[in-house]
Amino acid sequence: MASESRQTEKLGRLRELVEKEVRGEESSRVSLEDALWDVLVELEGKDFETAKHLKYSYSIKGYEIFVSRKDKSITRSTVNLSLWNAMELQKAGLPVSGPKKLKTFGASYLYPIFMEIGVILPDEMEQLSLEL
């Protein structure tokens, strides 16, 4: 139970920092990157699905993510680059409509995770359809 509340707390902090960044409010790059990594560590081993419906999970060793479907790792610096590519698009009012928009190695695995944890915010049209 404590683990679940810790996970919820970390997700909430990450989402708050993402929303501040997208609105253009003052925030720390390091805080957002650290909050993202903390959440990724919490979700290690969870099952996800790519845009093409391929199931995968990941493990973290040091500052690298190892995806169950790949031999190569995704480094923390690549995760951060993907984060800032997503932030820049969203700050410009553009949707992050698929993994290719992240423009990094491993984007097909990072994109579904980012969607689930709130790094990529649903665009207004998606939000309207979700509310109906």
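Cut-offs used in this document
Residues numbered from 1 in each chain as written. Predicted model: local features only at pLDDT ≥ 70, side-chain atom pairs only at ≥ 80, totals over all residues. Heavy atoms only, no water. Pairing = 2+ DSSP bridges. Helix = DSSP H or I, 4+ residues; strand = E, 2+ residues; numbered from the N terminus. Axes fitted to C-alpha atoms, helices over the stretch in contact; angles between N-to-C directions. Polar contact = N/O pair within 3.5 Å; in protein donor to acceptor, adjacent residues only side chain to side chain. Contact = heavy atoms within 4.5 Å. Buried < 20%, exposed > 50% of the residue type's maximum accessible area, 1.4 Å probe, protein only.

A.B. asks: Quick question: what am I supposed to make of the sheet that holds strand S3 (residues 58-61) here?
C.D. replies: In spatial order, the strands read S3-S4-S5; together these three strands make up an open sheet with antiparallel pairing. Of all the strands in the sheet, the pair left with one neighbour each is S3 and strand S5 (73-75). On average, each strand axis in the sheet is inclined to that of its neighbour by 30 degrees, with strand direction left out of account. Pairing of strand S4 (residues 64-67) with S5, which is carried by three bridges, proceeds in the antiparallel orientation. Bridge pairing in S5 links Phe66 to Ser73.

A.B. asks: How should I be thinking about the side chain of Ser73 in this particular structure?
C.D. replies: Tracing the backbone through its elements, the reader meets Ser73 in strand S5. One polar contact links Ser73 to Glu64, side chain to side chain, over a distance of 2.5 Å. When sequence neighbours within four positions are dropped, the list of residues in contact with Ser73 reads Glu64, Ile65, Phe66 and Phe105.

A.B. asks: Is there a simple way to explain the side chain of Glu42 in this structure?
C.D. replies: Along the chain, Glu42 falls in helix H2 (residues 29-42). Within the structure, the side chain of Glu42 is placed 3.4 Å from the side chain of Lys10, a separation counted as a polar contact.

A.B. asks: Got a minute to help me understand unusual backbone geometry in this structure?
C.D. replies: Glycine aside, residues mostly have negative phi, and peptide bonds are mostly found in the trans state. A positive phi angle, close to 65 degrees, is found at His53, a residue other than glycine. Counting through the fold element by element, His53 comes out in the loop between strand S1 (48-49) and strand S2 (55-56). You can call His53 exposed: its relative accessible area is 60%. The backbone of Lys103 shows a phi angle near 55 degrees, a positive value even though the residue is not glycine. Here Lys103 lies in the loop between helix H3 (76-91) and helix H4 (107-117). Relative accessible area serves as the criterion here: at 68%, Lys103 is assigned to the exposed category.

A.B. asks: Honestly, H4 in this entry has me stumped. Any pointers?
C.D. replies: Since the α-helix turns once every 3.6 residues, residues separated by three or four places project in the same direction. The element H4 is extensively covered by neighbouring structure, given that eight of its 11 residues are classed as buried. Turning to H4, its buried residues number three or more, namely Ala107, Tyr109, Leu110, Tyr111, Pro112, Ile113, Phe114 and Ile117. One or two positions beyond H4, positive phi appears at Gly118, with a value near 95 degrees.

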